[in-house]
Structure formats: structure tokens, C-alpha cells
Amino acid sequence: MATTEPRVLTTVSGVASAGDAPPARPMVAVRSLDAYFGANRAVKDVSLEFPEGQVTAIIGPSGCGKSTLLRCINRMHETVSLARVEGEVFLDGRDIYARDVNPIEVRKQIGMVFQRPTPFPTMSIRDNVIAGFRAAGRGAPSRAEQFEIAEWALQRAALWDEVKDRLHESALALSGGQQQRLCIARALATRPRVLLLDEPTASLDPISTQKVEELVYELRGDITIVIVTHNMQQAARVSDHTAFMLLGDLVEMAPTSRMFTSPGDERTEAYITGRFG
Amino acid sequence: MSARAPRRSVRVRRARSAVMVGLTVAAAVLATLPLIFILALLIKQGASSLNWAFFTGMPKPVGETGGGMANAMAGTAMLIGIAAAIGLPVGIGAGLYLAEHRNGRLAWVVRFLSDVLNGLPSIVVGIFAWQFLVRPVKQFSALAGGIALAVMMIPLVTRATEEMIKLVPDSLREAALALGYPRWRTSLTVVLRTALPGIVTGALVAIARIAGETAPLLFTAFGNQFWSTSLTQPISALPLQIFSYAISPYEEWHSLAWAGALVLLALVLVISLIARFVTRSRFGHGHD
Ligand SMILES: Nc1ncnc2c1ncn2[C@@H]1O[C@H](COP(=O)(O)OP(=O)(O)OP(=O)(O)O)[C@@H](O)[C@H]1O
Ligand SMILES: [Mg+2]
């Protein structure tokens, strides 16, 4: 239903008219979304769409609501006390804020990686990767299948070669960059349709950063990715579309190449040329 | 005032600092002195009675020499077992609740009551247990003693659990929720599991704390000169046995009391050492 009416709402600049990105149906569509922390309105009437199988970067100065917007997409925002959401978010055409939708089911379909690595300290490397299946209940694959999936996910996250001989060791024995790739593998293992990355390389060294960026680039096509970043070059390198936020507002969203060459809004230009933020 | 003032203030500050350091060192020594004295005294008075028979034998009637505290040690073990079986689940559950519902009104009430319970004189706990567990059935029992000890233990375990769970970073909770874990599973398999070494330490400290309690047992477990493992019969315990030997008029029994006290102290020491050991492996994770 909602799947069929995407482009009408496609943001200020219009993704549909993108020259370099093929038109794709929106995997996630955000409609008139407001997000609050108590009385503080952190996201203000934001509407935008994340095309299927493509990478969308969200940029903007600190505190502008990027993480909050991201956390509304997998219903994590409401886990903070006093936090509240108004508006709609469609995941593959289905309103995830509808009354009959269980937020736990939403979160299982959407992977999330945070700014700092969050491996479970009491679990081994492999158990971390397959941790998502613990929540799957009866629908979970067999143990043997899970181990295969773990290998597959670790390979995708470019971590397999570094950990294949020590899958039973504690995840804490890994470096920060390895831990972050482990978290990405953990998010990938359950085959989510959408992957939310909140400044995934903020605490990583250049080499680990490059690995994560390559991974994001490779995952395009399979998974719809939303990545929050403070790094303009990173946004330019990995994303098909870029959204710019300011003080809770979505200023504009455009194909990345256009955004960084001829932004439509002068505030966007000021930000990406480093004149503020 | 202008040029010399800073130099003088530095000197004053140094002197003040030296005095403070001296005072704290003195306080630290004073704080550990009693333990050293007690240990020395116990060894001097009790070591001579510590022999094999002390651990395997039963109390002997007045006039006969020798005799041991096997039943008292078994009784203490059993009382600790009962107290732990009740006190640990309740205390850990309450602590988990307090940590996961930090600002709730019920949490405030539970936290306050738990502090009050923690400060309750142990003799009051003993009388309370007697009133509700002994008087109605007209029977002293191991169960009543164990429950009285559990009541002493619960607030300790509750607060220790709460503090340890608060140390678990929120980011872990979020990571589990984002994977689609329900709240209860997040609490059990991630939060509680991560805090477990700290909770075990807290539990051991609580056990060490109640192992030597006497007052709550006086009108509940009551004491027993014979071997008993029945829940519904009076049961002996090390502190009770020490107490009754110590107030007796017989030399022989006095030295048995000293030996019992030495064993009790050793027990507490060992439990504390284990607790220390477990603490060291706590939160080995490298991120914050
Ligand atoms: N847990 C919270 N409780 C209350 N207010 C919050 C909370 N988290 C964020 N906020 C507020 O919401 C607004 C948006 O925060 P958000 O974290 O979404 O910003 P951001 O764009 O991700 O910033 P950054 O780039 O620094 O991560 C800010 O004004 C912030 O103060
Ligand atoms: Mg953020």
C-alpha cells in the first residue's frame, strides 16, 4: 500500500530525479516524524525516504538529532525514559508505529551498530555473532547452521581471518576496531533488511575505518543502509544519498554527488564547506 | 603579602598535607590492629584445642575431657545453606528490580526499607523470627534460624546487586534491545550475566557477614548438643556453641570456645578471600 506512493514525498531535492542513482522503492519511509525527550523536540517534522539497497548518509552538527532520527527507525528511541515519537515510519510499506506492531519484531528486522563497540563481555567471539538468534525463539536456525552463519557474517565483516582460530575467546580480547567489526557481524548475522550505523567509525583508527567503509560499500544492494557520520569524506565515499539535518530539521536530502558539489540550501553549503558545525 | 604569600601558602599546604597523611596512616593501622590482636589472641588461647577430634567429635558432658564441635559446624553450614537458598534469590531479584527501575516510586520505597532492614539490630531480627516462626509452632528449628539469617542477608545482597548492575554500561543494554531481546532477556542474559562476578562477591560478603551471627539464632535455631540435620528440630551452630561454652564455668569448655571462635574467624577469612579473588576478575572488559 504505502509502498506504491513513494516519490511524492521524496524530500526537498527529490531522490527520484537523481542522475546517478537508479530509482529504487523506499525500504524505509519516514513521514512527519517528531521525536521528543520530555519537552525537548529533538526531531522536528522530518519526512524522508531510504531507498532499498542503497546507502544513505545523515550528516549535521552535533546535537541536531541524527541519532534520535536513526533510533526512531528501529523503535529504540522509546526505550529512553520520557522519550516519545509522533508521526509514521514505514518499513517496507508497513507502519512500524501502528498499534499492533511489536517493537521487538521491528528491531529483529533492523540491525544497529553504535558509535562505541558493544560486544557482550561475557560471551565468546562466536557467541557474540550469533547472539541475535537467542531472541529468535523457535524460529532460530540449528546450532550448526548458526555456526555457519557466524562464519559467513564474520567474513562479510572482514574479521574472519583475524578471529577464526580463536572463536571461543572472549570478545574483549579483540581490539576496538575488531570489536566494532564484530558488532557489525552480529548485526548482519540475523540477515536484517536494514542496517543502521550510528557513527560506526568514530572510535576507530584509519585502517579499521577503511575496512568498515569497504564493508558498507559491499553490502549495498543486499541491505538498505543508513549511516550517521561527522566525516564528510566518509559520507561522500560510501553513500548514494545524503541528508543534512540542523537543529532537529531535515534541511535537505539529495544524491550524494550533487549534495557535495551543488547543494540546494546555503546552510548545507556552509556546513559541508566547514563554515560552521 | 604579595611576593611571599604564595611561598608561605605552599609551605602551609605541605605541612597540612603531611599531617593529614600521617593521620590517615595512623587511622589505617588502628583499623587493622583489632583484627591482628583478635587473631593472635584466638590462636594463643584456642590453637591447643584444635585437633582432629574437635572437627569430628561431638560435645562431651561436663567432666569428660575432649569433645568437638562437629555438630555445630554442620549446623552452621546448614543454616548458611538455608539462608542462602532464601536470601540470594530474593536479594538478587530485588537488586535487579532496583537497578532496572531506578526512579520508580516502588524502587524508592524498597531501597529505603532495605536500608532500614540493613540497620536493624540482629537481636530484633531474632525476636521477630521467634514471634512468627517459633511461637506459633512451639518449636525451635533450623528453618527458623535459617530464615532469620536470610532476613539479615537480603538487604546486603540487594544493595550489592543493585550497585553491581549499575556498573554495567547502558550501551550493553541498548545493544541487546537493538538485537530484539525482550527486556527480561536483556536483564537476565546480558545485564545480570555481566554483573555476575560482582554479585557473587556481594553474596559471599553477605554470607561471611551472617556466618558468625549469634543473636538471630538464640531463639530460633536455639542450639543442640546432639547431631541434627532436621529442618524442624533445634540445631547447633558455631556461634551458639561458642556462646554456651564461653559462659560456662569450666576451663575445658573455655578453651573449646576459643578454638570455635578461631574456626569461625578462619571461615569468614576464607570466604572473604574467595570474594576478593572473584572481584579481581570482575569487568575485565576494555571499553567503558
Ligand atoms: N537520552 C537523552 N535524554 C534527553 N535528551 C537527549 C538524549 N539524547 C539526546 N538528547 C537530546 O536530543 C537532541 C538530539 O540528540 P542526538 O543524540 O540525536 O544528536 P546527534 O545529532 O546524534 O548528535 P551527535 O552528532 O553529537 O551524536 C539533543 O539536543 C540532545 O540534547
Ligand atoms: Mg549521535
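Just so it is clear, the model here is predicted, and its values are computed rather than measured. (Residues numbered from 1 in each chain as written. Chains lettered and ligands numbered in written order. Predicted model: local features only at pLDDT ≥ 70, side-chain atom pairs only at ≥ 80, totals over all residues. Heavy atoms only, no water.)

J.: So what about the overall build of chain A? Which residues, and what values?
T.: The number of helices and strands found in chain A is ten helices and ten strands. Counting across all 277 residues of chain A, residues that qualify as buried make up 57%. Looking at chain A alone, contacts between residues at least 24 apart form 67% of all its contacts between residues at least 6 apart. (Helix = DSSP H or I, 4+ residues; strand = E, 2+ residues; numbered from the N terminus. Buried < 20%, exposed > 50% of the residue type's maximum accessible area, 1.4 Å probe, protein only. Contact = heavy atoms within 4.5 Å.)

J.: For the site of ligand 1, give the residues involved together with the corresponding values.
T.: Residue and element names in this part refer to chain A. Taken together, 13 residues lie near ligand 1, and Ser62, Lys66, Ser67, Thr68 and His230 sit nearest. Between ligand 1 and Cys64, the relevant distance is 3.2 Å, taken from an oxygen atom to a main-chain nitrogen or oxygen of the residue. Between ligand 1 and the protein, one listed contact pairs an oxygen atom with a side-chain N or O atom of Ser67 at 2.6 Å. Protein burial of ligand 1: of its 630 Å² of free accessible surface, 61% is covered by the chains. Where the shell around ligand 1 is concerned, the elements lending two or more residues are β2 (40–51) and α1 (66–73). Of the residues assigned to the shell around ligand 1, the class counts are four nonpolar, seven polar and two charged. (Near = heavy atom within 4 Å. Polar contact = N/O pair within 3.5 Å; in protein donor to acceptor, adjacent residues only side chain to side chain. Areas by Shrake-Rupley, 256 points an atom, 1.4 Å probe, with all protein chains shown as cover. Nonpolar A, V, L, I, M, F, W, Y, C, P; charged D, E, K, R; others polar.)

J.: Now, about the domain arrangement of chain B: what can you tell me, with residues and values included?
T.: Residues and elements named next belong to chain B. Domain boundaries assigned for chain B yield domain 1 (4–49) and domain 2 (53–282). Spacing between the C-alpha centres of domain 1 and domain 2 amounts to 32 Å. Of the residues lining the interface, nine residues belong to domain 1; the matching set on domain 2 comes to eight residues. When the two sides are added together, the surface that domain 1 and domain 2 hide from each other amounts to roughly 790 Å², 83% of it contributed by carbon and sulfur. In terms of surface lost to domain 2, no three residues of domain 1 exceed Leu42, Gln45 and Ser49, which account for 60% of the buried area on that side. Our count for the domain 1 to domain 2 interface comes out at zero salt bridges. The interface formed by domain 1 and domain 2 includes one residue pair in polar contact (both at pLDDT 80 or more). (Domains from an automatic or database assignment. Buried area = accessible area lost by both parts, 1.4 Å probe. Salt bridge = Lys/Arg side-chain N within 4 Å of Asp/Glu carboxyl O.)

J.: Could you give an account of the environment of Cys72(A), with specific residues and numbers?
T.: Residues and elements named next belong to chain A. Structurally, Cys72 can be placed in helix α1. Residue Cys72 is classed as buried on the basis of its relative accessible area of 0%. In this structure the C-alpha to C-alpha distance between Cys72 and Tyr97, which are 25 residues apart in sequence, comes to 9.5 Å. Ignoring any residue separated from it by four or fewer positions in sequence, one finds Cys72 in contact with Leu33, Ala35, His77, Val85, Val89, Ile96 and Tyr97.

J.: How would you sum up the interface of chain A and chain B? Please name residues and give values.
T.: Contacts between the two partners involve 25 residues from chain A, matched on the other side by 22 residues from chain B. A combined buried area of about 1900 Å² lies between chain A and chain B, and 63% of that area is made up of carbon and sulfur atoms. The largest share of the area that chain A buries against chain B comes from Phe120(A), Thr122(A) and Arg134(A), three residues that together contribute 25% of it. Counting every contact that joins chain A to chain B gives one salt bridge.

J.: Hey, could you go over the confidence of the model for chain A for me, with residue numbers and the actual values?
T.: In this model, chain A carries a mean pLDDT of 86, and residues with pLDDT of at least 70 account for 91%. Under a pLDDT of 50 for its full length, residues 1–19 of chain A has, in the predicted model, 38 contacts with residues more than four places off or in other chains. (pLDDT = per-residue confidence, 0-100.)

J.: Describe in detail the pairing of strand β9 (residues 241–246) of chain A, supporting the description with residues and values.
T.: Residues and elements named next belong to chain A. Counting buried positions over the six residues of β9 gives six, a clear majority of the element. Residues His241, Ala243 and Met245 point to one face of β9 and Thr242, Phe244 and Leu246 to the other, with burial holding for every one of them. When strand β3 (residues 55–59) meets β9, the two strands line up parallel, connected through four bridges. The residue bridging Ile59 from the neighbouring strand is Phe244, located in β9. (Pairing = 2+ DSSP bridges.)

J.: Would you mind going over helix α6 (residues 142–166) of chain B in detail, with residue names and values included?
T.: The terminal C-alpha atoms of α6(B), which comprises 25 residues, lie 35 Å apart, in line with the 36 Å expected from a rise of 1.5 Å per residue. Its maximal kink placed at Met153(B), α6(B) deviates by approximately 30 degrees, while the proline Pro155(B) follows within four residues. (Expected span 1.5 Å × (residues − 1). Bend = angle between axes of the 7 residues up to and from the residue.)

J.: Can you break down the nonpolar core residue by residue, with the values?
T.: Of all hydrophobic cores here, the largest spans 54 residues; its most connected members are Val28(A), Val30(A), Leu48(A), Leu69(A) and Phe120(A). Once residues within four sequence positions are removed from consideration, Phe120(A) is found in contact with Asn128(A), Ala131(A), Ala171(A), Arg186(A), Leu172(B), Ala175(B), Ala176(B), Leu179(B) and Val190(B). If you look at the next biggest cluster of nonpolar residues, it comprises 44 residues, including Val212(A), Leu219(A), Ile223(A) and Ala254(A). (Core = buried A, V, L, I, M, F, W, Y, C linked by side-chain atoms within 4.5 Å.)

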